[in-house]
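Report on the structure
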Amino acid sequence: MVASASLLGLDPISIGSLMWAPLLIILMKVVVVFGVGLVATMLMVWFERKAIAGMNNRIGPNKAGPWGLLQTLADGTKLFFKEDLLPERADRFVFRLAPFLAFVPAFLVWSIIPLGGDFSNGKDGLVTWFGHTTRVQLADPPVGILLLLALSSIAVYGIMLAGWSSGSKYPLLGSVRASAQMVSYEAALGLSVATVILLAGTLSTSGIVGHQGNFVNWHVISTGVIPFVIFMIAATAEMNRPPFDLVEAEQELVGGFNTEYSGIRFGLFFLAEFMNTITMSGIIVTLFFGGPQGLFDIPGIPGAWEGTLWLIAKIVVFLYIYVWMRATLPRFRYDQLMNLGWKILIPASLGWFMLMAVLRLARDEDWNRGVVIAACIVVLLLCVGILSLANRVSKANREREGAMF
Amino acid sequence: MELFVFVVAAAMILAGAIGVVVRSHPVHAALSLILTLFGVAVMFVAQEAHFLAAVQVIVYAGAIVVLFLFVIMLLGVDRTEDIKTEPFKVQRPLAVIVGLGVIGLVTAAVVASRDVVSSRGSGLVTPDMADPDSNIRQLSRSVFGDYVVAFEVTSVLLVVAVVGTVLLTRRVKPVVEKAS
């Protein structure tokens, strides 16, 4: 049974023979995460509409329920009962499949976010429920944070195939933009995650959280802010949120990749988009801001619940930042998007990763710190110089050859 | 449990592989390829190679097939290919010969080593459960330690391929003299 246990992940509850109680606990966790995920998404849609309305000097949803809280529920119910159109030129099977390819990965990311538990003072965040030790986390697979990259690379298919299978020009343009954008920014995303893994020394998300013992050890500080900034930008691009929403640029592409979708299939895309915002905020908090680790001890609340409270508080901060960015920043132009991704973010994240690796090596091998730092600065300046030279040459060549299109 | 996982994953791989060959629509063929790649990833997990499984999904399913689809969509070749006509006359007989040859070789290898294959081992012994990151440590030791030269040569090969592609697709425009 050991082999099957390792198939199911590293949660201590799944080691040994699977009895009824552990199975029930796992099932309970799945149901709770599913329910909380849906409710959180519902509240997120309301929050975003209300906050943006505030920033735009409007009122926003205020009719259904107190403060319009039930507006999303009403919208969802409407979508369920709307006619589900299938365009005549659509590829039937792929058209039906695509919403699920977008929706399922968005949900699965929940499983690797540590949702609570006591990690303070080097504790391992394990809790005991009904006599069984487990984590406040749906799954803790050995590949850990790599699962996020795998899932975000599957989510590309949802958008891409939705656009293609609609059999219509504008969705196709949207999906071609989406695939180029998501593949470009995935590299920067992966490299900034790699910096965190380098410091934490483990892939497992609970291990990464455990490594960020107190405020100074939070990876946002110990990796030197830059990987966090890059991750934040790249994650926004991966989610196709403004200012990176070229995929569904309403002014240019009607509605983007989901133009031809209606009814609950459109609803699934909508849900996936907002759920991605929440899960990505959760991942940012896990990777860079210590996950459920608190800044101080909240009196009167047991350790494991305190972690959950801290996690929610931190996630809400990032959700607000995302809404704020959407209300503030204008959309990128396509060439600006590609320049930012390939010429700034990828070289910067790669360079920073190398820098962190060298500093780590210097610390382990006890090299002279001053010499190492001086050498790093020289090499980095040299790289920046060569890169900007290459950019200038290629720009000059482009201008000499005239416009391509 | 292992047998069950193996059968399901093998069915996925085979169904995908047959789909790649049989489906006449390029996009459907690419989707079948994804199914095969996922099956291989499941096999990796069953063999305790978690890192390889993740990389399989991220790199092959996540990047390479996305590029395939991107090219198919961008070039607009997404209409049904006519597989009745044959561009090269030798292609099909050659494919049959090579296919049969590979099957023959694999069968021969299995028959020749049947003593080793048929004996039941004591299962995989990996230190994986105690330390989830030992998998990556082993892999990195062999890639960046034992086989570092081969690894670096492969990366040079990839760079050469990229530079070559850029060079081949570049049209050298004659520099237009400014008429003034």
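Residues numbered from 1 in each chain as written. Chains lettered and ligands numbered in written order. Predicted model: local features only at pLDDT ≥ 70, side-chain atom pairs only at ≥ 80, totals over all residues.

**Description of the overall build of chain B**
Counting secondary structure elements, chain B contains 7 helices and 0 strands. Burial statistics for chain B: of 180 residues in total, 18% are counted as buried. Sequence-distant contacts in chain B: of pairs separated by 6 or more residues, those separated by 24 or more amount to 53%. (Helix = DSSP H or I, 4+ residues; strand = E, 2+ residues; numbered from the N terminus. Buried ≥ 20, exposed ≤ 12 C-beta atoms within 10 Å, placed from the backbone. Contact = placed C-beta atoms within 7 Å.)

**Topic: the overall build of chain A**
Scanning chain A from terminus to terminus reveals 14 helices and 2 strands. A globule of 405 residues ought to have a C-alpha radius of gyration of about 22 Å, and chain A, at 23 Å, matches this closely. For chain A, buried positions account for 45% of its 405 residues. Within chain A, counting contacts between residues at least 6 apart in sequence, those at least 24 apart form 76% of the total. (Rg over C-alpha atoms; globule rule 2.2 N^0.38 Å.)

**Notes on the domain arrangement of chain A**
Residues and elements named next belong to chain A. If you check the domain split of chain A, you get domain 1 (2-356) and domain 2 (368-405). Between domain 1 and domain 2, the C-alpha centre-to-centre distance is 34 Å. Each side of the interface is counted separately: domain 1 has 4 residues, and domain 2 has 5 residues. (Domains from an automatic or database assignment.)

**Here we look at the environment of serine 206 of chain A**
Mapped onto the fold, serine 206 of chain A is located in helix 7 (residues 205-211). Sequence spacing of serine 206 of chain A and alanine 362 of chain A is 156 residues, and the spatial spacing of their C-alpha atoms is 27 Å.

**Some thoughts on the confidence of the model for chain B**
Residues and elements named next belong to chain B. This prediction gives chain B a mean pLDDT of 81; 79% of its residues lie at or above 70. By mean pLDDT, the top-scoring element of chain B is helix 7 (residues 148-169) (92), and the lowest-scoring one is helix 5 (residues 114-118) (71). As scored by the predictor, the complex reaches a pTM of 0.84 and an ipTM of 0.77. (pLDDT = per-residue confidence, 0-100.)

**Description of unusual backbone geometry**
Residue and element names in this part refer to chain A. Of note, the amide linkage connecting proline 242 to proline 243 takes the cis form, showing an omega dihedral of 0°. For proline 243, the location among the structural elements is in the loop between helix 9 (226-239) and helix 10 (250-253). In this structure, asparagine 57 is a non-glycine residue whose phi angle is positive, near 60°. Note that asparagine 57 resides in the loop between helix 2 (20-55) and helix 3 (71-81). Residue asparagine 57 is classed as exposed on the basis of its C-beta count, with 6 C-beta atoms lying within 10 Å. With a phi angle near 60°, asparagine 240 is a residue other than glycine that sits in the positive phi range.

**Looking at the domain arrangement of chain B**
Splitting chain B by domain gives domain 1 (1-82) and domain 2 (131-170). Taking only C-alpha atoms into account, the centre of domain 1 of chain B sits 22 Å from that of domain 2 of chain B.

**A few points about the environment of valine 7 of chain B**
Considering the arrangement of structural elements, one finds valine 7 of chain B in helix 1 (residues 2-22). Residues valine 7 of chain B and alanine 49 of chain B, spaced 42 residues apart in sequence, show a C-alpha to C-alpha distance of 18 Å.

**Considering the packing of helix 13 (residues 334-365) of chain A against helix 14 (residues 369-401) of chain A**
Residue and element names in this part refer to chain A. Relative orientation of the contacting elements helix 13 and helix 14 amounts to 165°, with a least axis distance of 11 Å. With respect to helix 14, the axis of helix 13 lies roughly antiparallel. Where helix 13 crosses over helix 14, the two elements pack in a sense that is right-handed. Each of Lys343, Pro347, Gly351, Leu355, Val358 and Ala362 in helix 13 lies in contact with helix 14, whose residues at this interface are Arg369, Val372, Cys376, Leu380, Cys383, Leu387 and Asn391. Classifying every residue of the contact of helix 13 with helix 14 gives 9 nonpolar, 2 polar and 2 charged. (Axes fitted to C-alpha atoms, helices over the stretch in contact; angles between N-to-C directions. Parallel < 35°, antiparallel > 145°, perpendicular 65-115°, else oblique. Left-handed = near helix turned anticlockwise from the far one by under 90°. Nonpolar A, V, L, I, M, F, W, Y, C, P; charged D, E, K, R; others polar.)

**Here's the deal with helix 5 (residues 146-165) of chain A**
All names here are of chain A. Here helix 5 spans 29 Å end to end across 20 residues, near enough to the 28 Å set by a 1.5 Å rise per residue. Of all the 20 residues making up helix 5, 20 are buried; the element is thus mostly covered by neighbouring parts of the structure. Phi for glycine 167, located one or two positions after helix 5, is positive at around 65°. (Expected span 1.5 Å × (residues − 1).)

**Some thoughts on the nonpolar core**
Proteins that are soluble and globular tend to have nonpolar side chains buried together. Core analysis: the biggest nonpolar cluster contains 118 residues, and Ala102, Ala234 and Ile284 of chain A have the highest contact counts within it. With sequence-adjacent residues up to four places away left out, alanine 234 of chain A is seen in contact with Tyr185, Ala188, Leu189, Ser192 and Leu345 of chain A. (Core = buried A, V, L, I, M, F, W, Y, C linked by C-beta atoms within 7 Å.)

**Structural notes on the environment of alanine 29 of chain B**
Residues and elements named next belong to chain B. By secondary structure assignment, the location of alanine 29 is in helix 2 (residues 26-46). In this structure alanine 29 comes out as partly exposed when scored by C-beta crowding, with 18 C-beta atoms within 10 Å. Separated by 10 residues in the primary sequence, alanine 29 and glycine 19 place their C-alpha atoms 6.1 Å from one another. Look past the residues within four positions of alanine 29 in its chain and what remains in contact with it is Gly19, Val20 and Arg23.

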